[in-house]
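Take a look at the letters that make up each chain.
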Amino acid sequence: MITMNNREQVIKLFRQGMSYAEVGRRVGLSRQRVMQIVKPPTSIYEHMKRKARGICANCEVIAPSGRISGYREGTLEVSKYKYLCASCYRNEASE
Ligand SMILES: [Zn+2]
């Protein structure tokens, strides 16, 4: 059973630039489980990407495969999500 603490840890490690598989090995979860925790469902992702027109909300670079910041598994508070390029996503890790 995954606790809130290792969920936070999964998100933190992923943000530091580890792959799904690496994070999974570190915390003892499958790659698929890690993906479920850090990645919004495809429909949400596509919605956010369309809304952002593929542009990073922080640095305004065109980010074809950006990441969704603010996502928490099981929540759909789309207004809190931001579409970010990979480097802005990583930089938010320290916040
Ligand atoms: Zn950016």
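Scroll up for the structure.
Just so it is clear, the model here is predicted, and its values are computed rather than measured.

The rules behind these values
Residues numbered from 1 in each chain as written. Predicted model: local features only at pLDDT ≥ 70, side-chain atom pairs only at ≥ 80, totals over all residues. Heavy atoms only, no water. Helix = DSSP H or I, 4+ residues; strand = E, 2+ residues; numbered from the N terminus. Rg over C-alpha atoms; globule rule 2.2 N^0.38 Å. Donors = N, O, S within 2.8 Å, 3.2 Å for Na, K, Ca; no water. Tetrahedral: all angles 85-135°; square planar, octahedral: opposite > 155°, others 65-115°. Buried < 20%, exposed > 50% of the residue type's maximum accessible area, 1.4 Å probe, protein only. Phe/Tyr/Trp six-rings, centres within 6.5 Å; stacked < 30°, edge-to-face > 60°.

Section: the overall build of the protein chain
Moving on, step 1. Within the protein chain, the regular secondary structure consists of five helices and two strands.
Moving on, step 2. Listing every helix and strand of the protein chain by position from the N terminus yields α-α-α-α-β-β-α.
Moving on, step 3. Radius of gyration (C-alpha) of the protein chain: 13 Å, near the 12 Å computed for a compact globule of 95 residues.
Moving on, step 4. Projecting the C-alpha coordinates of the protein chain onto the three principal axes gives extents of approximately 35 × 25 × 20 Å.

A closer look at the coordination of the zinc ion
Moving on, step 1. At this site the zinc ion is bound by Cys 56 (SG), Cys 59 (SG), Cys 85 (SG) and Cys 88 (SG), with donor distances of 2.3 Å.
Moving on, step 2. The site at the zinc ion holds four donor atoms, and with the angles between them running 104 to 114°, its shape is tetrahedral.
Moving on, step 3. Overall, the relative accessible area of 10% leaves Cys 88 in the buried class.

Things to note about the packing of aromatic side chains
Moving on, step 1. Tallied over the entire structure, the rule returns four aromatic pairs.
Moving on, step 2. Between Phe 14 and Tyr 20, the ring centres sit 5.0 Å apart and the planes meet at 10°, which makes this aromatic pair stacked.
Moving on, step 3. Take Phe 14: its relative accessible area is 7%, and that puts it in the buried class.
Moving on, step 4. The exposure class of Tyr 20 is buried, given its relative accessible area of 16%.
Moving on, step 5. Ring geometry for Tyr 71 and Tyr 81: centres 5.8 Å apart, planes at 75°, overall edge-to-face. Separated by 10 residues along the polypeptide, Tyr 71 in the loop between β1 (67-69) and β2 (82-84) and Tyr 81 in the loop between β1 and β2 bring together distant segments of the chain.

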